Amino acid sequence: MLSRLVKIRLLAIGIGSIGALCLFYAIMRIFYSNLSVSQIELAGDEKNSGFSGVVLKAYDNRGEPITVKTDQVCLGDQKEYILGKITTHFSDNSGNVCVLSADHGVFQGRSSNLGEVWGNVQFKFGSDFRVNTSRAAIDLYSKIVKGTKLVSLVHSNGLELTGIGYAFNFAGGELQLHNSVHGKMKDNLLSSDRFTLRFCNQKREIKTIFAYGRVDFVNKSYKLLAHKQVSYDVVTRKLLADGEVALKIRKPNQDITIYTEHLDGFIDKIGQLESANASGSLRITTANATIKADRGRLFRNKLSVFGHVVISGKQGVAAGKAAVLDMTSGEVVMQGTAGVLRDENGSNA
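A quick note: this is a predicted structure, and the numbers were derived from the prediction, not measured. (Residues numbered from 1 in each chain as written. Predicted model: local features only at pLDDT ≥ 70, side-chain atom pairs only at ≥ 80, totals over all residues. Heavy atoms only, no water.)

(A) Quick peek at the packing of aromatic side chains. Counted according to the given criterion, the structure contains nine aromatic pairs. Aromatic rings pair up to connect Phe123, Phe129, Tyr166, Phe168, Phe170 and Phe199 into one cluster. Here Arg194 stacks its cationic end above the ring of Tyr212, 4.3 Å away from the centre of that ring. Of note, Arg283 hangs over the ring of Tyr259, and the distance from its end group to the ring centre comes to 4.2 Å. (Phe/Tyr/Trp six-rings, centres within 6.5 Å; stacked < 30°, edge-to-face > 60°. Lys NZ or Arg CZ within 6 Å of the ring centre and 35° of its normal.)

Below, the structure is given as structure tokens:
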């Protein structure tokens, strides 16, 4: 039987050990919660030792702080730092707050600000804009997030896009979507090989949309196809299209298609094509005629063409310097006729 004195000593030792462990845990919690370095640098050398409710701090290339909140930090086999339930706050160059969250993450090495996150990855600006994916590589120093997985984008202006692969520059306000991107903008359908979205500096609104490769834009009154690129400025509503452009305009009596190499125009407030200029291998097809010219000008329901104009139809072929097509009636009026008019058999009229 142990004497009463021995029992008291053993009890004192036990209480002291528990107190020491509690003190060690408290110190580590304070250390983790106040970590502030130029790169991610987590302390601890005991494998699989975890601490919950941790707040980490790092600094970007402008010296601005970046906060990383996580439920748990563990040290892995390769000295990587494994995080659970991550929330990271960025600030762009205008001070707008960007939030990235994920189920899991890992950072390699004690002095690295490069990491990878996975599981319900989302980054967003307020309630207007969010991107969802399943995996992302992040660079805290440059504020760049990128990945090769399926990604979906939703913006409050009615833009919804999906693609496979992306790169988001938080500081520069640019988002790229890669590989078979498709979706819609309000009532319009969009598809392209890849998209680039650029945002306004002061507000996180989309300023410009660039689509590259084979681009399809389908509106209820027209369809635009280009094989090189299409850009649209949301602020000025200016549209540019290059590379084997085909603009098909739907009218009640007929469809009119404009083929050209370059087209620039303006979209009105309700999404209709208000005006456009076309140049390079210009060809226009209607139900009754084909028109070729050097360049053309579309304004509302009138399409004017200029330079080496040739009109072919059932009644023959006419050549001149200019012509005007009424897109409602389909009537073509030649101006300054300089060529000959032939019937459909090729003989002079």
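(B) Examining the pairing of strand β6 (residues 114–125) more closely. Bridge count between strand β5 (residues 97–107) and β6: seven bridges; the pairing is antiparallel. Looking at the pairing, Val99 lines up with Lys124 of β6. (Pairing = 2+ DSSP bridges. Helix = DSSP H or I, 4+ residues; strand = E, 2+ residues; numbered from the N terminus.)

(C) Representation of unusual backbone geometry within the structure. With a phi angle near 50 degrees, Ser281 is a residue other than glycine that sits in the positive phi range. Mapped onto the elements of the fold, Ser281 is located in strand β18 (residues 273–285). Despite not being glycine, Arg300 shows a phi value in the positive range, around 55 degrees. Mapped onto the secondary structure, Arg300 falls in the loop between β19 (289–299) and β20 (302–313).

(D) Fine view of the nonpolar core. Counting 72 residues, the largest nonpolar core has Leu175 and Ile284 as the members making the most contacts within it. Aside from chain neighbours lying at most four places away, what touches Leu175 is Phe129, Val131, Leu153, Ala167, Phe168, Phe195, Thr196, Leu197 and Phe199. (Core = buried A, V, L, I, M, F, W, Y, C linked by side-chain atoms within 4.5 Å. Buried < 20%, exposed > 50% of the residue type's maximum accessible area, 1.4 Å probe, protein only. Contact = heavy atoms within 4.5 Å.)

(E) Spatial organisation of the confidence of the model for the protein chain. When pLDDT is averaged along the protein chain, the result is 78; 74% of the residues meet or exceed 70. For residues 17–49, every residue scores under 50 in pLDDT, and the model assigns this stretch 57 contacts once sequence neighbours within four places are set aside. Low pLDDT, under 50, characterises residues 343–349; the predicted model gives this stretch 10 contacts beyond four residues in sequence or across chains. (pLDDT = per-residue confidence, 0-100.)

(F) Region of interest: the side chain of Asp139. Looking at where Asp139 falls in the secondary structure, it is placed in strand β7 (residues 129–139). Buried and unpaired, Asp139 has Lys146 as its nearest opposite-charge partner, separated by 7.5 Å. Polar side-chain contacts of Asp139 include one of 3.2 Å to the backbone nitrogen of Ser142. For Asp139, the residues in contact, after removing those within four places along its chain, are Asn113, Leu114 and Ile144. (Lys, Arg positive; Asp, Glu negative; His and termini not counted. Salt bridge = Lys/Arg side-chain N within 4 Å of Asp/Glu carboxyl O. Polar contact = N/O pair within 3.5 Å; in protein donor to acceptor, adjacent residues only side chain to side chain.)

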